[in-house]
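So you can see what is in the structure, the chains are spelled out below.
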Amino acid sequence: MGGTRDDGFTAYVAGRRSHLYRTAYLLCGDPHRAEDIVQTALAKLYVAWPRASRADSVDAYARRVIINSHLDEHRRPWRRESPTEDDRLDRAAPSGVTAEDSDALWTALRQLGPKQRRVVVLRHYWGLSVEETAADLGVSPGTVKSQTSAALEKLRTALVVDPSPRGGRR
Amino acid sequence: MTDRDDRHLEERLHALARGVSVPVVPADQDVRRGRRRLLRMRLAMAGGTTATLAVVLGITGLTAGDPSASEPPIADTPTASLSADPTDSPSEEARGTGRTRGGGDDEKAGGQAPPASDPTGAADTEGSTRLPGQPGSAGSVTGSVTGGVTGTTTGSDPEGGATVGPGHGHPSASDPTDPTSAPTSSDPTPSSTPSSTPSSTPSSTPTETLPTDPPTTPPPTDPGTVRIPQVLRGYNDVLAERLDPAREHLLAYSRKLDGKETTKRGGALFALGSTYRWDDGRALAGLQVTVASGWDQVEWECGASYTDWDCHAAVNTGLAEVALHDGLRQVAVEHSDGQVVVLTADPTYADSSRRAAAVEASDEELAAAAADHRLTLPGQAPVAPPRLSAETFASAGVAALVGTDGAFTQTSIDRSPEVAGTWAVGGGPRSALTWSARPTYSGAGWQCLKAYRSCTDLVVDADGHVVHVAAVKKRLGGGWVVEYDGPVYAVRVSSSDPKLPKKRAYAFVTDGSWQPAG
């Protein structure tokens, strides 16, 4: 826990934490869970910092930790409760995305399975290639292609139903 | 999906992500969480390792049927026990055989003289045979054997020395009638091997079991690996062979009780010694041995004008010098390689004893023991330069520094050599004048001290000799210091009167006579 580790890690977190948080948010759709995932992932990253910082890309390492942390989070028993539509229950805090902007896409994303959602996030949010995505997820490129195809097929339906462009926010 | 649809999806994904309000979390919080996780992992690993080790040891103990068989400390005991076992022959000790006999030795000695088990403390009390803490410290470095001894072989014939003890070389295993063999411990089951223990009398004292062969193995001097305890054990064996062949008095070297005294500089060993226990039957005396690279590494005040040491040459040897002071008896011998061996008989070794014990050896026997060529520094020992004659150095200094217009009153001189006195002109004292030479092999050399107002280097002659010149601050006495760091000696002159011409000092310090060839 020397100064070198802390300095490098702090600099990385300061620059990339928001990006990692958004990735986690896209994966899980819940800001609180996203924060949990990011905190867990960054703690793991801190432990592995000497090795990760020597790697070619700390981002790649952090991305994989985020993905795996999300997977671990998803596998936990208390995450296995069924979703409910009961409005009386507490809901996640507003994420800052307006309902108009997020509803269609977010509805489409929620309809995807976890694996397909991860593929979509890595390929279309991180902009990774098939091979990079396969390496991150530890699957074959063919699996990535098939899951991408299936995910986009589902998204296409949602986007066709609600084709209104949302790019004006940029 | 088409490429346009792909881009559209990416744009909306990014828009969705940008719309997420990211909580502001300071990075140091993530650092703290990471540290805690790291600590937990390390604690878990340590706990797991400890648990695994405990399980393995437990299983091993159960499998062996004897739980004590798995106690780790047993593996550590042979070294200490071995070093204190007088029955071990040197060759066996050199091989490091893991015998565990001789525990009674340590127990007996420790019980008799607990305070004396710290030789360092004892030496501090005596204050006379301690090696200087800093090699080359000129103030405490004095001494040389009288002129006839200088540079000569000590005449210690190792073969002749070995003849000292033939009569005792193969002593009986033990002598029940020997008063010194009276057991101080009533332990009827000594740990000694049965072959060396008489069946008629229980023997557990170190003086009862004697070596079957005279300890003739010289101390290990392999330059590759120097094992100090083995060397000190070898010194002990040599002294026993010379002074106590029957091993009735000189107890075997114990790493725990006898300790070691070393002077090191830059990885080189300049002096090595220890204080062994000499048991006269009722109390313990100390027999200290110091092997040094040269006279500058031992405190030897014989020949100094300021000492109250009673010094004389050992009778019939002419090779050694004996000093009596502070209740101690010391013998110093310079070997042919320049190394100096000092033996000190200390009757007040055991502070707890009500009576003083004496090392029952004559000056001549001590001198012969000190001259034994096996008492040498191990490994590649530093080589001291030939000594300078203090008298010659003093007279040359007077001739060169005082001049015809002044007078010099010498106040002190020692064999380091260092001369001090008062320079006077016209009957009035003008300056405190000193000059000295210190061997450079042990680190002597120029240092521009804070006491100096200025330091300069001057080339003082056509040969290119560079001399260091410093002006001493007035509040510290003023004057100047001139020093020349030659290849063998650093020669220095200091005067408290700045008017004493430095040129006289330049010529004196660069004189080639003070740089004798090795």
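Structure first, text after, so check above.
All values reported here derive from a predicted model rather than from experimental measurement.

Criteria and thresholds
- Residues numbered from 1 in each chain as written.
- Chains lettered and ligands numbered in written order.
- Predicted model: local features only at pLDDT ≥ 70, side-chain atom pairs only at ≥ 80, totals over all residues.
- Helix = DSSP H or I, 4+ residues; strand = E, 2+ residues; numbered from the N terminus.
- Buried ≥ 20, exposed ≤ 12 C-beta atoms within 10 Å, placed from the backbone.
- Contact = placed C-beta atoms within 7 Å.
- Axes fitted to C-alpha atoms, helices over the stretch in contact; angles between N-to-C directions.
- Left-handed = near helix turned anticlockwise from the far one by under 90°.
- Nonpolar A, V, L, I, M, F, W, Y, C, P; charged D, E, K, R; others polar.
- Pairing = 2+ DSSP bridges.
- Expected span 1.5 Å × (residues − 1).
- Core = buried A, V, L, I, M, F, W, Y, C linked by C-beta atoms within 7 Å.

### Topic: the overall build of chain A
Here is step 1: Across its full length, chain A holds eight helices and zero strands.
Here is step 2: For chain A, the succession of helices and strands along the chain, N to C, is α-α-α-α-α-α-α-α.
Here is step 3: In chain A, buried positions account for 36% of the 170 residues.
Here is step 4: Across chain A, every contact between residues at least 6 apart in sequence was considered, and the portion connecting residues at least 24 apart equals 64%.

### Quick notes on the overall build of chain B
Here is step 1: Counting its secondary structure elements, chain B contains 12 helices and 14 strands.
Here is step 2: Across the 518 residues that make up chain B, the buried fraction comes to 42%.
Here is step 3: Within chain B, contacts between residues separated by at least 24 positions form 63% of all contacts whose residues are at least 6 apart in sequence.

### Re the packing of helix H11 (residues 390-402) of chain B against helix H12 (residues 502-509) of chain B
All names here are of chain B.
Here is step 1: In the contact formed by H11 and H12, the axes pass within 8 Å of each other and the chain directions differ by 145 degrees. Helix-helix and strand crossings are classified by hand; for H11 and H12 the assignment is right-handed. Residues Gly397, Ala400 and Leu401 of H11 lie in contact with H12, whose contacting residues are Arg504, Ala505, Ala507 and Phe508.
Here is step 2: Residue classes in the contact of H11 with H12 are distributed as five nonpolar, one polar and one charged.

### Some details on the interface of chain A and chain B
Here is step 1: On the side of chain B, 27 residues touch chain A, which itself brings 34 residues to the contact.
Here is step 2: For the side of chain A that touches chain B, the leading source of residues is helix H1 (residues 3-28) of chain A, giving 11 residues.
Here is step 3: Here the side of chain A that touches chain B is composed, by residue class, of 17 nonpolar, eight polar and nine charged.

### A few points about the packing of helix H9 (residues 228-243) of chain B against helix H10 (residues 363-370) of chain B
All names here are of chain B.
Here is step 1: Where H9 contacts H10, the two axes come as close as 9 Å, and the packing angle between them is 145 degrees. H10 is crossed by H9, and the crossing has right-handed handedness. Counting all contacts with H9, which are made through Leu239, Arg242 and Leu243, the residues of H10 involved are Glu365, Ala368 and Ala369.
Here is step 2: Split into classes, the residues belonging to the contact of H9 with H10 amount to four nonpolar, no polar and two charged.

### Regarding the sheet that holds strand S8 (residues 406-414) of chain B
Hydrogen bonds between backbone atoms are what pair the strands of a sheet, whose relative direction is either parallel or antiparallel.
All names here are of chain B.
Here is step 1: Across the sheet, seven strands lie side by side as S8-S9-S10-S14-S13-S12-S11; this open sheet has antiparallel pairing. With partners counted over all chains shown, the strands left at the sheet margins are S8 and strand S11 (452-459), one partner each. Recorded for the sheet is a direction-independent mean angle of 20 degrees between the axes of neighbouring strands.
Here is step 2: With eight bridges joining them, S8 and strand S9 (residues 418-425) adopt antiparallel strand pairing.

### Quick word on helix H6 (residues 114-125) of chain A
Residues and elements named next belong to chain A.
Here is step 1: Over its 12 residues, H6 runs 15 Å from end to end, which matches the ideal 16 Å to within 8%, given 1.5 Å per residue.
Here is step 2: In terms of burial, H6 is largely enclosed, as nine of its 12 residues are buried.
Here is step 3: Listed as buried for H6 are Gln116, Arg117, Arg118, Val119, Val120, Val121, Leu122, Arg123 and His124.
Here is step 4: Positive backbone phi, at 75 degrees, marks Gly127, one or two positions downstream of H6.

### Observations regarding the nonpolar core
Here is step 1: Counting residues in each nonpolar core, the largest one holds 56 residues, and the members touching the most others are B:Leu239, B:Leu287, B:Ala320, B:Val331, B:Ala367 and B:Ala370.
Here is step 2: Of all the elements in the fold, those that place two or more residues in this core are H9, strand S2 (268-279), strand S3 (284-292), strand S5 (320-325), strand S6 (328-334), strand S7 (340-346) and H10 of chain B.
Here is step 3: Looking at which element gives the most residues to this core, the answer is H9(B), with seven residues.
Here is step 4: Those residues within four positions of B:Val331 in sequence are excluded, and the remaining contacts are B:Ala314, B:Ala320, B:Val322, B:Leu343, B:Asp363, B:Leu366, B:Ala367 and B:Ala370.
Here is step 5: A:Leu26, A:Ala104, A:Leu105 and B:Leu13 belong to the second largest nonpolar core, which has 45 residues in total.

### Quick look at the sheet that holds S2(B)
All names here are of chain B.
Here is step 1: The sheet built from seven strands is open, its strands ordered S1-S2-S3-S7-S6-S5-S4 with antiparallel pairing. The strands lining the two open edges of the sheet, one partner per strand, are strand S1 (261-265) and strand S4 (310-313). Strand-to-strand, the axes of this sheet are offset by a mean angle of 15 degrees, without reference to chain direction.
Here is step 2: Taken together, the four bridges between S4 and S5 define a ladder with antiparallel strand orientation. Bridge pairing in S5 places His312 opposite Val322.
Here is step 3: Running at roughly 50 degrees to S2, H9 makes contact with S2 and S3 of the sheet.
Here is step 4: Together, S5, S6 and S7 form the strand contacts of H10, whose direction differs from that of S6 by roughly 40 degrees.

### With respect to the environment of B:Asp461
All names here are of chain B.
Here is step 1: Here Asp461 shows up in the loop between S11 and strand S12 (466-472).
Here is step 2: Since 12 C-beta atoms lie within 10 Å of it, Asp461 is described here as exposed.
Here is step 3: Note: C-alpha distance between Asp461 and Tyr506 (45 residues apart in sequence) is 8.7 Å.

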